[in-house]
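# Structural description and commentary
This is what each chain is made of:
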Amino acid sequence: MSKLNVAIQGVLGSFHHQVALRNFGEDIEILDFTTFEPVARAVANGDADFAVMAIENSIAGAILPNYDLIDRYGLSIRDEYYLPIGHQFMALPGQTIQDITEVRSHPMALLQCKAFFAQHPHIKLKEDTDTASVARDIAAGNWKGVAAIASSIAADIYGMEILAPDIQTVKSNFTRFIILQKESVKPATEANKASIKVTIQNQKGGLAKLLTLISENGIDLSKIQSIPVIEKPWEYAFFIDLVFEDHAIFSQTIEEIRTSFGEVKIFGEYISRKCN
Ligand SMILES: O=C(O)C(=O)C[C@]1(C(=O)O)C=C[C@@H](O)C=C1
């Protein structure tokens, strides 16, 4: 039987890679890309069975362009995964923090460690494609004075020394990843969460009306994100995550939103994996 192809952004040891292995097991084929767009494309054109895509982080917030990719490439959300993120500040063995003049990492990782770098202003920040590829490149190029921010798994794989552990601004740091596939998935019978998109006209009280409707139906709105409608400057679509106990009430709520606001796109119905 052929292995599952799973598209990710990042290389061996990246956080995406870790989520792919934890979610699908070790016996998979990883298709790795340096940016998110080819990840979405690989699923849309059938090269990959699934994709793993980071969507928001508890310190740095949403990865807005990824909402647009899911929408534009017609992808379905089949599941979600919350990964605890510990960022290790690492370099070639034998150096101290004072020897480091530059740190490279994924922009989301740099954002999650802002407080640490405020205390070390001699270190220049540079955005790179992913956390682990910087560790790999430092090792391959024998670059002294350059550090990576990546996981301890990446430090082991690429032979880096950790100069400062867990440098994320708050210890408890999570990234929420979504698992994507092409066709709309038959929802799990126990699905209690859904991701939807609603476009509402800019009219007085429009958003308040939508939120009231959701709340009065007893549904928990766990996330709302506005995304610009690029063909219509200054109009916004709302990407909303809803958590519910009763699927029938969720379906009825969607019908009520359709009646009042027009088209509602459902990206997926799945099981909430959030643990408090
Ligand atoms: O660079 C990595 O290792 C990634 O998997 C990317 C990524 C992200 O896209 O947010 C994943 C988790 C962390 O939030 C930091 C970076």
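The shown structure was predicted, so the numbers you read here are calculated from the model rather than taken from an experiment.

### Topic: the site of the ligand
Residues in contact with the ligand amount to 14 residues; listed here are only the nearest, Phe15, His16, Gln112, Thr131 and Thr175. At 3.5 Å, a side-chain N or O of His106 approaches an oxygen atom of the ligand. Measuring from an oxygen atom of the ligand, one finds a side-chain N or O atom of Thr175 at 2.8 Å. Taken by itself the ligand offers 370 Å² of open surface, and the protein chains cover 100% of this. For the shell around the ligand, the secondary-structure elements that each account for two or more residues are helix 1 (15-24), helix 4 (107-112) and strand 11 (174-181). Counting the residues that make up the shell around the ligand, at least three belong to each of domain 1 (4-84 + 173-181) and domain 2 (88-164).

### Section: unusual backbone geometry
The phi torsion at Asp166 lies on the positive side, around 45°, for a residue other than glycine. Position of Asp166 among the secondary structure elements: in the loop between strand 10 (161-164) and strand 11. Classification of Asp166 as partly exposed rests on a relative accessible area of 29%. Here Trp234, not a glycine, exhibits a phi torsion of approximately 75°, which is positive. Mapped onto the elements, Trp234 comes out in the loop between strand 13 (220-228) and strand 14 (236-243).

### Focus: the pairing of strand 11
The buried fraction of strand 11 amounts to seven of the eight residues, a majority that puts the element mostly inside the structure. The pairing of strand 3 (residues 50-57) with strand 11 spans six bridges and is antiparallel. Paired with Glu56 across the strands is Arg176, a residue of strand 11. Summarising the sheet, strand 5 (residues 76-84) and strand 11 pair through eight bridges and their orientation is antiparallel. Bridged to Tyr81 within strand 11 is Phe177.

### Observations regarding the UniProt feature "domain: Prephenate dehydratase" (unreviewed entry) in the chain
Per the UniProt record, "domain: Prephenate dehydratase" (unreviewed entry) is found at residues 5-182. Along residues 5-182 one finds 32% helix and 33% strand; the C-alpha atoms at either end are 13 Å apart.

### Let's talk about helix 2 (residues 36-44)
Considered for burial, the residues of helix 2 that qualify are Phe36, Pro38, Val39, Ala40, Ala42 and Val43. Lining the buried residues of helix 2 we find strand 1 (4-9), helix 1, strand 2 (28-33), strand 3, helix 3 (64-72) and strand 11. Looking one or two residues past helix 2, Gly46 carries a phi angle of roughly 85°, positive in sign.

Each value, and the rule that gives it
Residues numbered from 1 in each chain as written. Predicted model: local features only at pLDDT ≥ 70, side-chain atom pairs only at ≥ 80, totals over all residues. Heavy atoms only, no water. Near = heavy atom within 4 Å. Polar contact = N/O pair within 3.5 Å; in protein donor to acceptor, adjacent residues only side chain to side chain. Areas by Shrake-Rupley, 256 points an atom, 1.4 Å probe, with all protein chains shown as cover. Helix = DSSP H or I, 4+ residues; strand = E, 2+ residues; numbered from the N terminus. Domains from an automatic or database assignment. Buried < 20%, exposed > 50% of the residue type's maximum accessible area, 1.4 Å probe, protein only. Pairing = 2+ DSSP bridges. UniProt positions renumbered as here; feature names shortened; annotations may be inferred. Contact = heavy atoms within 4.5 Å.

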